[in-house]
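One letter stands for each residue in the lines below.
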Amino acid sequence: MAQQDVLQQLDVNVDHSPVRKRARFDDPSLDENKRSVWSLTNRDVILDEVYDHGIGRLDCDFDDLPLEGDTIFNGHQPKGVDVSCASMTPDTRGKHVAVLGSTLPKDAYDKFSVGEWSDLLVTKTVVQTTDKINYFDLLSDEVILQVFRWLPKSNLKDVALCCKRFYRLSEDESLWTRMDLAGKHLKSGQLGIVLSKQVVVLRLARSEIMDVTIQPGCQAFEADFQSRLLYLDLSMACIASDSLVVLFNKCRRLKKLSLENVRVNDSVLLALSANKDIEVINFAMCSGIRVDGLEHLLSNCKQITELNIAWTYLSSNSIKYICENLSPTMDRLNFSGCRKLMTDRYVASLVSSCPKLRELDLSDCTVITGESIKQITMLNKLTFVALSRCYFIPYKAISMLKKLPNLLYLDIHGGYIEATELKEIQKDLGNSVQINQFKFSSIARPTVGVHRSSIWNMRVRE
């Protein structure tokens, strides 16, 4: 650095320093031609060379000239003051600040004194390079996947943004085996993304699923895609029938399904009938079930063991077809809510079709009589019977159920049986049979009671 380019050390006593030695902030009274404007700060603080006030370049009177790296005047940043030089000592730094204090106005120097000057100075952060170890590189994919399994599904999308390896691992099918989307709003195409994850256990109860469930761009849209979905809960979900058809066309391995309080049609049952190994179906309170759809379903799905078809307002022909064509593998059946359409003749057909029944609910079938009780006593494996509000069955006929060797529970709610008659029934059946222990049927229902973290005793959350 040339000697004439260095500012000489000045008197730092602001109180005794002549006023004429202080710079001004853009004094408009100066002639434009006499200015040589240059900036010390990022806020454009202007220091003018006003020769008539006694301010100018002074010859240096000290021997140890500062090096270029030590100076606070950064040649590459003319609008800033660099105080981050590694070689700057506290004494050198104090000298530079003293220079500023003797040349700036008193109000500006007062701000420096209370520490506000740091906003005007350009600070360069010194980054020290160190050898860091990425410990995830030392772990196998299997170990990292075990760590990721502890994360909520909503956080996996953030993990995928870290690096390519994390993105690849976050898409691993083992992390998406179980999903709980109950009560969620799924926009168009989002259900297709969920299916593309190859989820196995999926809960969508009370969810709102928009139309066009599967859109181009996801794996589920491909013609040869087949979902691994086995357990699906759509109870009280808001979903169109056309969307159900698209969904069931992609799902051909379903084992257990709940469509409680969902509107269906023949096309839905036809698509569902492709799941030949399905075992449990909950149609409770469904609407739109007709004979044509039932023919497709019952003729193709011969492995059904649990069926809940309560309060579906079936026609007489539909009830007749079901009773005559149910699979002999049927283990638990809920046929309640048929009102006046279920007759003793249909009950006889039902018993003949399903000889292995263990649980039977015929509540609110108001016209069946004691003849139906005689037919029910032929089901030797029966452990649970519900005959609530079956008003045409006399209490004496109910006592005939003592012929069932494995009977454990009997529900006869509704108040049509007097307390004295109830005691007599209990006496005839014996203490091994518990009466009116359950208010609601659990047949084929995915969740029972207050537990909402599992469906059919399978967890939906990791």
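Placed above this text is the structure.
Note that the coordinates shown come from a computational prediction; the quantities given were computed from them, not determined experimentally.

> I tried to follow the overall build of the chain on my own but got confused; where do I start?
Within the chain one finds 14 helices and 15 strands. Per-residue burial over the chain gives 46% buried out of 462 residues. Considering only residue pairs separated by 6 or more positions, the chain has 67% of its internal contacts joining residues 24 or more positions apart. Element-wise, carbon and sulfur atoms account for 51% of the exposed surface of the chain, whose accessible area totals about 25,200 Å².

> Could you clarify how one ought to interpret helix α11 (residues 344-353) in this entry?
Since one α-helical turn is 3.6 residues long, residues separated by three or four positions face the same way. Those residues of α11 not exposed but buried are Tyr 346, Val 347, Ser 349, Leu 350, Val 351 and Ser 353. Elements that come into contact with the buried residues of α11 comprise α10 (316-325), β9 (332-334), β10 (359-361) and α12 (370-376).

> Mind showing me how you'd approach a nonpolar patch on the surface here?
Taken together, the side chains of Phe 136, Leu 139, Val 143 and Val 147 define a hydrophobic patch exposed on the protein surface, amounting to about 290 Å² of accessible area. Position of Leu 139 relative to the elements: it lies in the loop between α2 (106-113) and α3 (141-148). Residue Leu 139 is classed as partly exposed on the basis of its relative accessible area of 34%.

> Where do I start with the layout of surface pockets in this structure?
Picture a little ball the size of a water molecule; that probe, rolled over the atoms, points out where space is still empty. Reported here for the second largest pocket is a volume of approximately 710 Å³. Around the second largest pocket, the lining is made up of 27 residues, and of these Lys 153, Ser 154, Trp 176, Met 179 and Leu 181 lie nearest the centre. Where the lining of the second largest pocket is concerned, the elements lending two or more residues are α4 (153-159), α5 (164-170), β1 (178-180), β2 (185-186) and α6 (190-196). Per-element accounting of the lining of the second largest pocket gives the leading share, 4 residues, to α4. Among the residues making up the lining of the second largest pocket, the classes are represented as 13 nonpolar, 4 polar and 10 charged.

> Can you help me understand the nonpolar core in this one?
For soluble globular proteins, the rule of thumb is that nonpolar side chains tend to be buried together. Formed by 96 residues in total, the largest nonpolar core has its most connected members in Phe 248, Phe 283 and Phe 335. Viewed by domain, this core spans two of them, domain 1 (135-169) and domain 2 (254-459), each represented by three or more residues. Not counting residues up to four positions away in its chain, the partners in contact with Phe 335 are Ile 309, Leu 314, Ile 319, Ile 322, Cys 323, Met 342, Leu 350, Asp 361, Leu 362 and Cys 365.

> Would you mind showing me how to read the sheet that holds strand β8 (residues 306-308) here?
Within a beta sheet, neighbouring strands are joined by backbone hydrogen bonds and run either parallel or antiparallel to one another. Strand order in this open sheet of 11 strands is β1-β3-β5-β6-β7-β8-β9-β10-β11-β12-β13, and the pairing throughout is parallel. Unpaired on one side and paired on the other, β1 and β13 (434-435) mark the two borders of the sheet. Direction of pairing for β10 relative to strand β11 (residues 384-386): parallel, over a ladder of 3 bridges. Paired with Glu 359 across the two strands is Phe 384, which belongs to β11.

> I would appreciate a short explanation of the side chain of Arg 165 in the present structure.
One can find Arg 165 in helix α5. Each residue touching Arg 165, except ones within four places of it in the same chain, is listed here: Phe 136, Asp 137, Leu 139, Ser 140, Asp 141 and Ile 144.

Conventions and cut-offs
Residues numbered from 1 in each chain as written. Predicted model: local features only at pLDDT ≥ 70, side-chain atom pairs only at ≥ 80, totals over all residues. Heavy atoms only, no water. Helix = DSSP H or I, 4+ residues; strand = E, 2+ residues; numbered from the N terminus. Buried < 20%, exposed > 50% of the residue type's maximum accessible area, 1.4 Å probe, protein only. Contact = heavy atoms within 4.5 Å. Areas by Shrake-Rupley, 256 points an atom, 1.4 Å probe, with all protein chains shown as cover. Patch = residues over 30% accessible without salt bridge, like charges linked within 9 Å, V, L, I, M, F, W, Y side chains within 5 Å. Salt bridge = Lys/Arg side-chain N within 4 Å of Asp/Glu carboxyl O. 1 Å grid on protein atoms, 1.4 Å probe; cavity = no way out; pocket = protein on both sides within 12 Å on 5 of 7 lines; lining within 4 Å. Points joined across faces, edges and corners; volume = space filled by probe spheres on them. Nonpolar A, V, L, I, M, F, W, Y, C, P; charged D, E, K, R; others polar. Core = buried A, V, L, I, M, F, W, Y, C linked by side-chain atoms within 4.5 Å. Domains from an automatic or database assignment. Pairing = 2+ DSSP bridges.

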